[in-house]
Amino acid sequence: MAVYTQVSDAQLAAFLGQYDIGRLVSCKGIAEGVENSNFLLQTEQGMFILTLYEKRVAAHDLPFFIGLMDHLAHKGFVCPLPVRMKNGDALGELSGRPAAIVTFLEGMGVKEPSADHCRMAGETLARLHLAGEEFAIRRKNALDPSGWRPLAQNAGARADAVEPGLAALIADEMAFHDAHWPTDLPTGVIHADFFKDNVFFLNDALSGVIDFYFACNDMFAYDLAITVNAWCFDGALRFESDKAKAMIEGYQSVRMLGDAEKLAFGTLCRGAALRFLLTRLNDWLDVPTGALVMPHDPKEFSERLRFFRDNSIDRLMGLV
Ligand SMILES: Nc1ncnc2c1ncn2[C@@H]1O[C@H](COP(=O)(O)OP(=O)(O)O)[C@@H](O)[C@H]1O
Ligand SMILES: N[C@@H](CCOP(=O)(O)O)C(=O)O
């Protein structure tokens, strides 16, 4: 359960007094998620999500995240809409944390997606890339290869206690990406955490996308590589090429990949696996005292990383 910061009844009442969303009926901590503290609010006017932004979200990035959800929603992309206070602000402070309320989206993530789910996810990711085109605020990816280094250093030799040989694997991969990470691919606004829990389905149709708190400007194809990592391995961590093919076809039905993007795709998948291995490893090693959170297993991504390091995936994914 991800609730890092507790909120007293009095603090919540004072915070909600700034909004025009009706009287509070209930407020429950949300079990899913690992980044921020999330609460489901039921008011006389319906359901809302209250988020208190935690350690990995820098306060100066919040206007980007809030503005992006506003921008995408107004472009017809289904995502949460930030709720404005009576004074017009969408961002406030609660329990010493920056906080916001967004609209509640119907639907839920699928744990075991079919190839069809993957196709829809690919299409929707490409739509997001196009819908983000005119968004004016920019945000550098804090978790690009330069952001991986401090995470690798913080874990250091402690990585081997999680999995023998992990520290050396990470060091080798960092060196590989220092030499091979592409820098000349098409860029724009990317979601950067398009995982199965962040993409909702209702009656087998994709109903919306949440969790824009890693969104940034970076390579479109890297976003697709993150999504392939997240959706296209089974429970035993075997790569499912039919799902990856369907996802890439879905993506290309909206936005074609260029030759350079296809050529770099294996490296991008390998880097995406390293990026999630590193954040998970740091969370695993350094759980904040008193936090109600179930950290994700880093080993799920060391396995993916080895797969992408050891296999040429172009043919498996229908890229050649
Ligand atoms: N706008 C929303 N509508 C419906 N449910 C939401 C919404 N935002 C978050 N949730 C619920 O809260 C959970 C955690 O949200 P998420 O943004 O993924 O958290 P975190 O960023 O802390 O990891 C989601 O899995 C979902 O169940
Ligand atoms: N998707 C990331 C962690 C971020 O969690 P989310 O609940 O915000 O998607 C991972 O699986 O490591």
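Computed from a predicted structure; not experimentally measured. (Residues numbered from 1 in each chain as written. Chains lettered and ligands numbered in written order. Predicted model: local features only at pLDDT ≥ 70, side-chain atom pairs only at ≥ 80, totals over all residues.)

A separate point is the site of ligand 1. Taken together, 18 residues sit near ligand 1, with Glu-32, Gly-33, Glu-35, Pro-80 and Asp-211 positioned nearest. Residues belonging to the shell around ligand 1 are distributed by class as follows: ten nonpolar, four polar and four charged. (Near = placed C-beta within 6 Å. Nonpolar A, V, L, I, M, F, W, Y, C, P; charged D, E, K, R; others polar.)

Before going further, it helps to spend a moment on the UniProt feature "domain: Aminoglycoside phosphotransferase" (unreviewed entry) in the chain. Per the UniProt record, the feature "domain: Aminoglycoside phosphotransferase" (unreviewed entry) sits at residues 27–256. Split by type, residues 27–256 is 37% helix and 19% strand. Its first and last C-alpha atoms lie 44 Å apart. (UniProt positions renumbered as here; feature names shortened; annotations may be inferred. Helix = DSSP H or I, 4+ residues; strand = E, 2+ residues; numbered from the N terminus.)

Looking now at the packing of helix 7 (residues 220–231) against helix 8 (residues 241–252). Between helix 7 and helix 8, the shortest axis-to-axis distance is 10 Å and the interhelical angle comes to 145°. The handedness of the crossing between helix 7 and helix 8 comes out as right-handed. Counting all contacts with helix 7, which are made through Leu-224, Thr-227, Val-228 and Trp-231, the residues of helix 8 involved are Lys-243, Ala-244, Met-247 and Tyr-251. The residue inventory of the contact of helix 7 with helix 8, partitioned by class, reads six nonpolar, one polar and one charged. (Axes fitted to C-alpha atoms, helices over the stretch in contact; angles between N-to-C directions. Left-handed = near helix turned anticlockwise from the far one by under 90°. Contact = placed C-beta atoms within 7 Å.)

The next thing to look at is the domain arrangement of the chain. Each domain of the chain was delimited in the assignment, giving domain 1 (9–103) and domain 2 (115–310). Distance from the C-alpha centre of domain 1 to the C-alpha centre of domain 2: 25 Å. Listed per partner, the contact involves 19 residues of domain 1 and 20 residues of domain 2. Looking at the side of domain 1 that touches domain 2 residue by residue, the classes come out as twelve nonpolar, three polar and four charged. (Domains from an automatic or database assignment.)

Our focus in this paragraph is the site of ligand 2. In the neighbourhood of ligand 2, the contacting residues comprise Gly-33, Val-34, Glu-35, Asp-193, Phe-195, Asp-197, Asn-198, Asp-211, Phe-276, Thr-279, Arg-280 and His-296. The residue makeup of the shell around ligand 2, split by class, is three nonpolar, four polar and five charged. When residues of the shell around ligand 2 are assigned to domains, at least three fall in each of domain 1 (9–103) and domain 2 (115–310).

Our focus in this paragraph is the sheet that holds strand 3 (residues 46–52). Either a parallel or an antiparallel arrangement is found when strands of a sheet pair, and the pairing is made through backbone hydrogen bonds. Ordered by their spatial adjacency, five strands build an open sheet running 1-2-3-5-4, and the pairing between neighbours is antiparallel. Both outer strands of the open sheet, strand 1 (24–29) and strand 4 (92–94), are each paired with one neighbouring strand and no more. For this sheet, the mean inter-axis angle between neighbouring strands, taken without regard to orientation, is 35°. Of the pairings in the sheet, the one linking strand 3 to strand 5 (residues 97–103) comprises five bridges and is antiparallel in character. (Pairing = 2+ DSSP bridges.)

So, about the nonpolar core. Ala-215, Ala-221, Ala-225, Met-247, Cys-269 and Ala-273 are the most contacted members of the largest nonpolar core, which totals 77 residues. With eleven residues, helix 9 (residues 259–285) is the largest single contributor of residues to this core. Summarising the domain contributions, this core has at least three residues from each of domain 1 (9–103) and domain 2 (115–310). If near-sequence neighbours (up to four positions away) are discounted, Ala-273 is found in contact with Asn-229, Phe-301, Arg-304, Leu-305 and Phe-308. (Core = buried A, V, L, I, M, F, W, Y, C linked by C-beta atoms within 7 Å. Buried ≥ 20, exposed ≤ 12 C-beta atoms within 10 Å, placed from the backbone.)

Moving on, we come to helix 6 (residues 166–180). The end-to-end C-alpha distance of helix 6, which contains 15 residues, comes to 21 Å, matching closely the 21 Å that a straight helix rising 1.5 Å per residue would cover. Listed in full, the buried residues belonging to helix 6 are Leu-166, Ile-170 and Glu-173. What you see down the axis of helix 6 is that its buried residues fit within an arc of 65°, all on one side. Facing away from the buried surface of helix 6 by more than 90 degrees, the exposed residues are Ala-168, Asp-172, Ala-175, Asp-178 and Ala-179. Looking at the buried side of helix 6, the elements it contacts are helix 4 (145–155), helix 5 (159–162), helix 9 and helix 10 (299–310). (Expected span 1.5 Å × (residues − 1). Arc of directions from axis to C-beta.)

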